[in-house]
Amino acid sequence: MPATTNQMVMSQTWVKDADHAAAYIAEAASFDDWLRARPGFVSRVLVQGVDDPCHLLHLRTFRSVADYEALIDDPEYQRHIQDLSRHVDPSRYPDGAVPKEYGDVVWETPVS
């Protein structure tokens, strides 16, 4: 079993409509270079629902949750989140925040 010590930040997002989904995806992709330069960043995947294209699952892998938490206070990261938030359907989040969950990566099949 390929073991890993990485940790993942997982969040589900629902956007307002298909146009907002396309814009959200483009803005998320435009942030890759900035993320790659952050200590502890490993990778990320953004998954769009087939049955509900307004549903996005964001999986961000870091060496540790502490590495992720160190970058969320960065003003550039906060601007990025504000830009993405313009596309989010606020009716899905009564408390005003997109929920996230942390997890340990316990199995990873390497790309060959």
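Right above here is the structure, for reference.
Cut-offs applied
Residues numbered from 1 in each chain as written. Predicted model: local features only at pLDDT ≥ 70, side-chain atom pairs only at ≥ 80, totals over all residues. Heavy atoms only, no water. Helix = DSSP H or I, 4+ residues; strand = E, 2+ residues; numbered from the N terminus. Buried < 20%, exposed > 50% of the residue type's maximum accessible area, 1.4 Å probe, protein only. Polar contact = N/O pair within 3.5 Å; in protein donor to acceptor, adjacent residues only side chain to side chain. Pairing = 2+ DSSP bridges. Phe/Tyr/Trp six-rings, centres within 6.5 Å; stacked < 30°, edge-to-face > 60°. Lys NZ or Arg CZ within 6 Å of the ring centre and 35° of its normal. Axes fitted to C-alpha atoms, helices over the stretch in contact; angles between N-to-C directions. Contact = heavy atoms within 4.5 Å. 1 Å grid on protein atoms, 1.4 Å probe; cavity = no way out; pocket = protein on both sides within 12 Å on 5 of 7 lines; lining within 4 Å. Points joined across faces, edges and corners; volume = space filled by probe spheres on them. Nonpolar A, V, L, I, M, F, W, Y, C, P; charged D, E, K, R; others polar.

(A) Fine view of the side chain of Ser 11. Assignment of secondary structure puts Ser 11 in strand E1 (residues 7-14). Ser 11 sits in the buried class, given a relative accessible area of 7%. For Ser 11, the side chain forms a polar contact with the side chain of Arg 60, separated by 2.9 Å.

(B) Structural context of the pairing of strand E2 (residues 41-48). Bridging between E2 and strand E3 (residues 55-62) involves 7 bridges; their strand directions are antiparallel. When the bridges of E3 are listed, Val 47 appears paired with Leu 57. Taken together, E2 and the strand that follows it, E3, pair antiparallel across an intervening segment of 6 residues.

(C) Spatial organisation of the packing of aromatic side chains. Going through the model one piece at a time under the given rule, you end up with 7 aromatic pairs. Relative to Phe 62, the ring of Phe 41 has its centre 5.5 Å away and its plane inclined at 75°; by these criteria the two rings are edge-to-face. Taken as a pair, Phe 41 in strand E2 and Phe 62 in strand E3 lie far apart in primary sequence, 21 residues in all. Across this residue pair, the class does not change: Phe 41 and Phe 62 are buried. An aromatic cluster of at least three residues, connected via ring pairs, comprises Phe 31, Trp 34, Phe 41, Phe 62, Tyr 68, Tyr 77 and Tyr 102. Over the aromatic face of Trp 34 sits the side chain of Arg 38, whose NZ or CZ is 4.1 Å from the ring centroid.

(D) Quick peek at the sheet that holds E2. What the 4 strands build is an open sheet, ordered E2-E3-E1-E4; its pairing is antiparallel. Across the chains shown, the open sheet's two edge strands, defined by having one partner strand only, are E2 and strand E4 (100-104). Across the sheet, the mean angle separating the axes of adjacent strands is 20° when strand polarity is ignored. Pairing of E1 with E4, which is carried by 5 bridges, proceeds in the antiparallel orientation. Following the sheet pairing, Met 8 is matched in E4 by Gly 103. Contacts between helix H1 (residues 18-29) and the sheet are confined to E1, E2 and E3, with E2 contributing the most and set at about 170° to the helix.

(E) Up close: the layout of surface pockets. The calculated volume of the largest pocket comes to roughly 550 Å³. Lining the largest pocket we find 23 residues, and of these Arg 60, Tyr 77, Ile 81, Ser 85 and Val 98 sit closest to its centre. Counting residues per element, the lining of the largest pocket draws most heavily on helix H4 (residues 75-85), at 6 residues. Looking at the lining of the largest pocket residue by residue, the class counts come to 13 nonpolar, 7 polar and 3 charged.

Any link to function would need more than the numbers given here.
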